[in-house]
Amino acid sequence: MTDRVQTEVAPKAGLTTAQVAERVARGEVNDVPVRSSRSMAEIVRANVFTRFNAIIGGLFLVILVVGPIQDGLFGFVIVANTAIGIIQEWRAKKTLDSLAVIGEAKPTVRRDGAAVPVSTSEIVLDDVIELGPGDKVVVDGEVVEADSLEIDESLLTGEADPVVKRPGDTVMSGSFVVAGGGAFAATKVGREAYAAQLAEEASRFTLVHSELRSGISQILKYVTWMMIPTAIGLIISQLVVERHDWREAVRRMIGGIVPMVPEGLVLLTSMAFAIGVIRLGRKQCLVQELPAIEGLARVDVVCLDKTGTLTEGGMDIAELRPLADHDNAYVRKVLGALGAADPRPNASLEAIISAYAADADPGWRCTEALPFSSARKYSGAAFNEPDGDSSTWLLGAPDVLLPATDPALAEVDGLNDQGLRVLLLARARKDLNDPAVGSAVTPAALVVLEQRLRPDAADTLRYFAEQDVHAKVISGDNAISVGAVAGKLGLPGAERTVDARHLPADRHAMGAELDRAAVFGRVSPQQKRDMVGALQSRGHNVAMTGDGVNDVLALKDADIGVSMGSGSEATRAVAQIVLLNNSFATLPSVVAEGRRVIGNITRVATLFLTKTVYSVLLAVLVAIWQVPYPFLPRHLTLLSTLSIGIPAFFLALAPNKERAKPHFVRRVMRYSLPAGLIAGAATFVTYLLARHHYRGAGALDAETSAATLTLFLISMWVLAIVARPYTWWRILLVLSMGAGFLIVLATPSLQEFFALKLVGTQGPWTAVAVAAAAGVVLEVAWRQAAVTDGDPAPRTVA
């Protein structure tokens with residue numbers, strides 16, 4: 001990176017109120033709305049016009065023609081599911097939109113000679129917009145002032161090194177300031193500016209790029225293709241072979257293919273994501289991309305910046321130690337002058353200003369200034385002193401400005417061991433615009449800063465340790481100092497500190513070092529990015545937190561980027577999650593929400609896909625054996641509601657702390673395939689036995705009732721396994737569903753409505769016996785699937 005100091009030019013006063021009004025009247029305003037969610041029309045369209053609504057809706061219309069209406073109950077379920085989906089996403093939209101407004105940064109614009117914050121949508125053509133470290137360029141423009149202004153355009157060009165900007169240079173929206181300050185005049189606003197497209201893409205309410213959703217889509221695609229030949233086979237079997245009335249044949253065919261569609265699975269996935277957004281929104285956590293909730297469930301390493309996460313942003317001066325017989329009063333004057341020379345001080349300089357502003361001498365005139373950069377680790381300024389002498393001063397990291405043999409570093413190490421932060425004030429022997437200005441200095445004083453620990457940081461680190469999430473503290477500060485702070489907060493492995501300047505460049509070797517240690521100091525912005533990549537190369541899912549511009553590249557590359565609400569606009573733009581309350585303690589809730597969503601969806605997906613598997617198997621067996629299809633649509637609607645639909649709703653919203661595993665489709669099918677095959681085979685065995693037992697009028701109804709009883713009992717067994725480990729409400733849920741089926745069997749009107757009536761004792765008890773035997777086989781198959789999947793016990797699939 002090039003260190004250049006730009007000479008100051010006369011500032012532009014900006015537009016007047018009248019000029020702004022003229023441009024607004026001409027439509028030259030940056031009024032492109034940044035949508036954080038889909039519009040209401042898009043929500044309705046997305047939930048109504050789906051492939052499966054079309055299929056099920058078409059089948060429902062057919063049932064309305066052939067009757068009776070109770071065989072079309074599945075159509076009303078689709079209506080209810082669609083309505084719930086619309087309502088839930090609308091609620092999530094309102095939450096996300098309101099949070100997006102809260103988290104929106106307001107650029108500083110010069111109007112009528114004064115600097116005022118305005119909304120991005122209120123910027124007009126020719127507005128003069130001020131820039132400082134961390135500010136994002138929100139519209140395209142031309143630089144009119146530059147004070148060591150360095151712009152990072154990596155998000156646009158891929159070029160990692162910041163670009164020095166001078167008056168007259170262009171700046172593109174989407175870039176951000178890494179050092180220095182200045183101002184630019186807006187040359188493109190509204191839809192002409194790249195920012196309009198970038199901002200909309202950055203904060204859109206999206207459901208894409210999710211393993212969970214792509215896996216479900218893959219499953220549904222296969223189901224669609226299976227339905228076509230199955231429907232043809234069933235209609236031929238029922239109409240030609242069994243010679244049913246065409247109406248009865250159509251009803252039996254629809255009864256065979258409707259259960260293949262796991263329509264509720266898509267609804268529950270969207271609803272779980274949406275409710276996750278609402279829950280996190282109540283905790284002032286803005287989710288900019290829905291898949292971020294899923295991604296958090298997979299995180300096993302979280303990289304933390306010390307400042308703003310483990311410590312609060314503010315600092316206090318603990319001590320000032322002059323070096324080499326420098327006069328204390330003179331050192332205080334220098335520090336006061338440095339504070340006055342920086343219009344945008346960082347946290348360290350703010351503490352110095354608070355302590356030494358009163359010592360500043362108005363006779364000290366700043367001639368040049370060098371803003372702080374996280375890459376060089378120091379800032380500086382050149383002064384003309386009242387006595388006519390000229391001096392150049394630097395303020396930064398002692399171990400960067402001093403040679404390794406300097407005796408002052410031993411004193412610094414002792415202070416760092418106590419968790420204190422130390423800055424070196426040094427007089428430079430080269431000009432400030434010399435790239436090597438930091439290599440030739442005379443130390444003048446050590447400024448000892450005391451960092452304020454976040455009161456909730458220790459509990460948060462303890463949570464991560466309990467959840468088997470490894471925390472890595474990655475900081476630009478001295479490694480020993482950072483390790484001491486982490487040690488006070490109880491971070492496991494805090495005693496193993498590493499100076500990042502000594503890390504190997506090879507990605508594999510760096511990854512091994514990152515796995516070994518927990519605290520890393522003197523990390524450059526590019527190194528943060530490299531460290532994220534090294535961890536990912538070793539199979540880790542990495543979350544990165546940050547609030548400064550030096551964190552942007554790492555946040556962008558991490559699996560999940562988490563920004564503080566008070567952080568720079570650039571970090572908020574690239575992060576998937578923004579903690580609007582700036583509380584590191586919110587992270588456990590975010591991680592827990594992610595695990596709850598994906599873990600529970602994996603659970604309930606097993607229920608839905610078990611139904612798909614046994615429906616396909618039953619249809620195939622019916623066609624092979626050339627027997628009537630045993631079920632009407634109303635039978636399977638009842639079973640699906642009691643054993644899948646209602647329980648899945650509650651299970652999808654239950655707490656779940658297990659870290660998600662990859663390969664969603666493979667994991668779910670490993671459980672649902674044997675369960676569906678066992679359920680389908682057992683049901684068909686009962687059906688054949690009942691056909692052998694019952695004779696005469698009403699035999700088909702009796703056979704159907706016996707087969708329905710077996711299928712329901714096995715479905716409830718699957719539900720009972722999925723509901724493990726048991727809690728009082730899970731037990732109550734399973735028992736309530738069983739009671740619901742008993743009520744149907746015991747109520748004459750419901751028996752007639754659902755065409756269910758158990759005849760005699762031999763048939764029903766045979767159905768129970770077959771279901772019990774199938775349940776034992778199911779337990780063995782489930783246990784074997786759990787062992788294959790690496791689970792310690794078959795109590796969960798999440």
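Structure's up top.
No experiment lies behind these values; they were computed from the predicted model shown.

Glancing now at the pattern of salt bridges. Applying the stated criterion across every chain yields a total of 23 salt bridges. Salt-bridge contacts for Glu319 lead to Arg321; the nearest nitrogen and oxygen are separated by 2.8 Å. Given the relative accessible area of 23%, Arg321 is considered partly exposed. Put simply, Arg332 and Asp359 hold a salt bridge, and the shortest N to O gap is 3.3 Å. Remark: Asp359 occurs in the loop between helix H12 (347-356) and strand S11 (365-373) and Arg332 occurs in helix H11 (residues 328-341); sequence separation between them is 27 residues. By relative accessible area, Asp359 is classed as partly exposed at 25%. Several salt bridges converge on common partners, so that one network encompasses Asp399, Asp499, Arg501 and Arg522.

Within the span of helix H17 (residues 507-516), buried status applies to Met510, Gly511 and Leu514. Each buried residue of H17 lies within a common arc of 100° when the element is viewed along its axis, so the set occupies one face. On its buried side, H17 packs onto strand S16 (470-474), strand S18 (519-521) and helix H18 (525-537). If you check the start of H17, you find a side-chain oxygen 3.2 Å away from the backbone N of His508, and it comes from Asp506.

This paragraph deals with the nonpolar core. Counting 124 residues, the largest nonpolar core has Leu491, Ile577, Phe584, Val604 and Phe741 as the members making the most contacts within it. Take this core: its biggest share by element is 17 residues, from helix H21 (residues 587-625). For Leu491, the contacting residues outside a window of four places in its chain are Leu461, Ala471, Val473, Ala486, Ala518 and Val519. One finds Ala500, Val532, Ala534 and Ala558 within the second-largest nonpolar core, a separate group that totals 24 residues.

According to the stated counting rule, one finds 10 aromatic pairs in the structure shown. Ring centres 5.1 Å apart and planes at 50° place the aromatic pair Tyr671 and Trp782 in the tilted group. Taken together, the residues Tyr671 in helix H23 (residues 664-693) and Trp782 in helix H27 (residues 762-789) connect sequence positions 111 residues apart. Look at Trp782 and you get buried, because its relative accessible area is 2%. Three or more aromatic residues link up through ring pairs in this structure, and these residues are Tyr330, Trp364, Phe383 and Trp393.

Time to look at the pairing of strand S2 (residues 114-117). The side chains of a regular strand alternate, residue by residue, between the two faces of the sheet. Pairing analysis gives 4 bridges linking strand S1 (residues 108-111) to S2, with the strands arranged antiparallel. Its bridge partner lying in S2, Val109 is registered against Val116. Count of turn residues in the S1/S2 antiparallel hairpin: 2 residues, of which Asp112 carries a positive phi of about 55°.

Note on placement: Glu153 falls in the loop between strand S4 (140-152) and helix H5 (154-157). Glu153 sits in the buried class, given a relative accessible area of 15%. Sequence separation between Glu153 and Val171 is 18 residues; the distance between their C-alpha atoms is 8.9 Å.

How two helices pack is summed up by the angle between their axes together with the distance between the axes. Two elements in contact, H21 and helix H24 (residues 699-722), have axes separated by 10 Å at closest approach and are oriented at 155°. Here H24 runs roughly antiparallel to H21, going by the angle between their axes. Between H21 and H24 the crossing geometry is right-handed. In contact with Arg603, Thr606, Leu607, Thr610 and Tyr614 of H21, H24 contributes Leu711, Ser715, Val718, Leu719 and Val722. Residue composition of the contact of H21 with H24, by class: 6 nonpolar, 3 polar and 1 charged.

For H21, spanning 39 residues, the distance from its first C-alpha to its last is 57 Å, which sits close to the expected 57 Å at 1.5 Å a residue. Burial analysis of H21 places 32 of its 39 residues in the buried class, which makes it a mostly covered element. With its phi angle positive at about 55°, Gln626 sits one or two positions after the end of H21.

So, on to the side chain of Asp300. Position of Asp300 among the secondary structure elements: in the loop between helix H10 (291-298) and strand S9 (301-304). Classification of Asp300 as buried rests on a relative accessible area of 11%. Only 2.9 Å separates the side chain of Asp300 from the backbone nitrogen of Asn541, close enough to count as a polar contact.

With that settled, the discussion passes to unusual backbone geometry. Put simply, Arg724 and Pro725 share a cis peptide bond, and its omega is -5°. Looking at the secondary structure, you find Pro725 in the loop between H24 and helix H25 (728-746). Positioned with a positive phi, Ala324 is a non-glycine residue whose angle comes to about 55°. With respect to the helices, strands and loops of the structure, Ala324 is situated in the loop between strand S10 (311-322) and H11. Overall, Ala324 belongs to the exposed group, its relative accessible area being 61%. Residues other than glycine seldom take positive phi values, yet Asp325 does so here, at roughly 60°. One can find Asp325 in the loop between S10 and H11. We classify Asp325 as exposed; its relative accessible area is 83%.

Moving on, we get to the packing of helix H14 (residues 408-417) against helix H16 (residues 479-488). It is the contact of H14 with H16, at a shortest axis distance of 7 Å, that shows an interaxial angle of 15°. Judged by the angle between their axes, H14 and H16 are roughly parallel. Judged by the twist between their axes, the crossing of H14 over H16 is right-handed. Listed contacts from H16 to Asp413, Asn416 and Asp417 of H14 are Ile480, Ser481 and Ala484.

Rules of the game
Residues numbered from 1 in each chain as written. Predicted model: local features only at pLDDT ≥ 70, side-chain atom pairs only at ≥ 80, totals over all residues. Heavy atoms only, no water. Salt bridge = Lys/Arg side-chain N within 4 Å of Asp/Glu carboxyl O. Buried < 20%, exposed > 50% of the residue type's maximum accessible area, 1.4 Å probe, protein only. Helix = DSSP H or I, 4+ residues; strand = E, 2+ residues; numbered from the N terminus. Arc of directions from axis to C-beta. Contact = heavy atoms within 4.5 Å. Polar contact = N/O pair within 3.5 Å; in protein donor to acceptor, adjacent residues only side chain to side chain. Core = buried A, V, L, I, M, F, W, Y, C linked by side-chain atoms within 4.5 Å. Phe/Tyr/Trp six-rings, centres within 6.5 Å; stacked < 30°, edge-to-face > 60°. Pairing = 2+ DSSP bridges. Axes fitted to C-alpha atoms, helices over the stretch in contact; angles between N-to-C directions. Parallel < 35°, antiparallel > 145°, perpendicular 65-115°, else oblique. Left-handed = near helix turned anticlockwise from the far one by under 90°. Nonpolar A, V, L, I, M, F, W, Y, C, P; charged D, E, K, R; others polar. Expected span 1.5 Å × (residues − 1).

The quantities given are spatial measurements derived from coordinates; they are silent on function.
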